[in-house]
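Each chain, written out:
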Amino acid sequence: VTGFETTKNERNLSVGSKGAQFGMEIVTLENGGIIKSVHGGLYSPSVWYAMYGSKGAMESRRDIADKNGGGVTEIYISADDFSGSIGAPKYENYLPKFEMAEKAEDSGHFGSDFYLFHNFVEKVKGNPDADIVDVYEALDMFLPGLFAFRSILDGGTAKEIPNLRDRSVRDKWRNDTACTDPKVAGDMLLPTCKSGTPDIDDGVYEYMKELWDEVCRTGKGVSFNLVFEQGNKDKK
């Protein structure tokens, strides 16, 4: 494919992705707290969380590799005995232990996928204590990203995230189809990134299909390992 060899910063386009390299959300919570979240296909990604409070702070390990038995699940804590203390903070490491960890260890997203499906099945079976996510909680997770994207397209302006538990609020958004999918958006079609929707040659997708077909035929390659061997302890 002409022009398929690209620089590192163009790798998304080289595989047919029409999204931007990364995006950032800055969300102000109802209690005044602020969250910053960076997402995207950046090189050498770290899965890192930090929380700051009146007594101290805690953060997770940044290394995805499981070097000390905990990987990104290990948490570092630096905290005072009480808010306003002028003494030296106490430092400790915390490695949470999860129920059914052995079953979960080979599932995706560092084991979290297992618990999602396990609790869904438990709920279907009638377990009232199953830890599930209802439609409103799912929207709580989704909507900040959606409105962050709309904010990016609108020059970074602040957007209020609607509480769809309120029917009067739901009614205001009921006919909103704005998205990047032409089949859904209708006349409310959005570009796939701030600079517009890139024009990608069909040959890129044909090439990627050839690679995928080869992976499926030979059973080798990164994509095969990620898709078909996940959760299989007897990997060959």
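Just above sits the structure.
These numbers were taken from a predicted model, which means no experiment stands behind them.

## Description of a negative patch on the surface
And then number 1: Taken together, the side chains of Asp199, Asp201, Asp202, Glu206 and Glu210 define an acidic patch exposed on the protein surface.
And then number 2: Note that Asp202 resides in helix α7 (residues 202–218).
And then number 3: You can call Asp202 exposed: its relative accessible area is 57%.

## Some thoughts on the environment of Asp187
And then number 1: Relative to the elements of secondary structure, Asp187 occurs in the loop between α6 (182–185) and α7.
And then number 2: Residue class for Asp187 comes out exposed when judged on its relative accessible area of 78%.
And then number 3: Put simply, Asp187 and Thr177 are ten residues apart on the chain and 8.6 Å apart in space, counted from C-alpha to C-alpha.

## So, the sheet that holds strand β5 (residues 75–79)
And then number 1: The strand order across the open sheet built from four strands is β3-β4-β5-β6, with neighbouring strands paired in antiparallel fashion. Each edge of the sheet is formed by a strand with only one pairing partner; in this case those strands are β3 (50–52) and β6 (90–94). Looking at each pair of strands side by side, their axes are set apart by 10° on average, direction ignored.
And then number 2: In the sheet, strand β4 (residues 56–60) pairs with β5 via five bridges, with the strands oriented antiparallel.

## Some details on the pairing of strand β2 (residues 34–40)
And then number 1: When strand β1 (residues 22–28) meets β2, the two strands line up antiparallel, connected through seven bridges. If you follow Glu25 over to β2, its bridge partner there is Ser37.
And then number 2: Counting the residues in the hairpin turn of β1 and β2 gives five residues, including Gly32, whose phi is positive at 95°.

What counts and what doesn't
Residues numbered from 1 in each chain as written. Predicted model: local features only at pLDDT ≥ 70, side-chain atom pairs only at ≥ 80, totals over all residues. Heavy atoms only, no water. Patch = residues over 30% accessible without salt bridge, like charges linked within 9 Å, V, L, I, M, F, W, Y side chains within 5 Å. Areas by Shrake-Rupley, 256 points an atom, 1.4 Å probe, with all protein chains shown as cover. Salt bridge = Lys/Arg side-chain N within 4 Å of Asp/Glu carboxyl O. Lys, Arg positive; Asp, Glu negative; His and termini not counted. Charge placed at Lys NZ, Arg CZ, Asp CG, Glu CD. Helix = DSSP H or I, 4+ residues; strand = E, 2+ residues; numbered from the N terminus. Buried < 20%, exposed > 50% of the residue type's maximum accessible area, 1.4 Å probe, protein only. Pairing = 2+ DSSP bridges. Axes fitted to C-alpha atoms, helices over the stretch in contact; angles between N-to-C directions.

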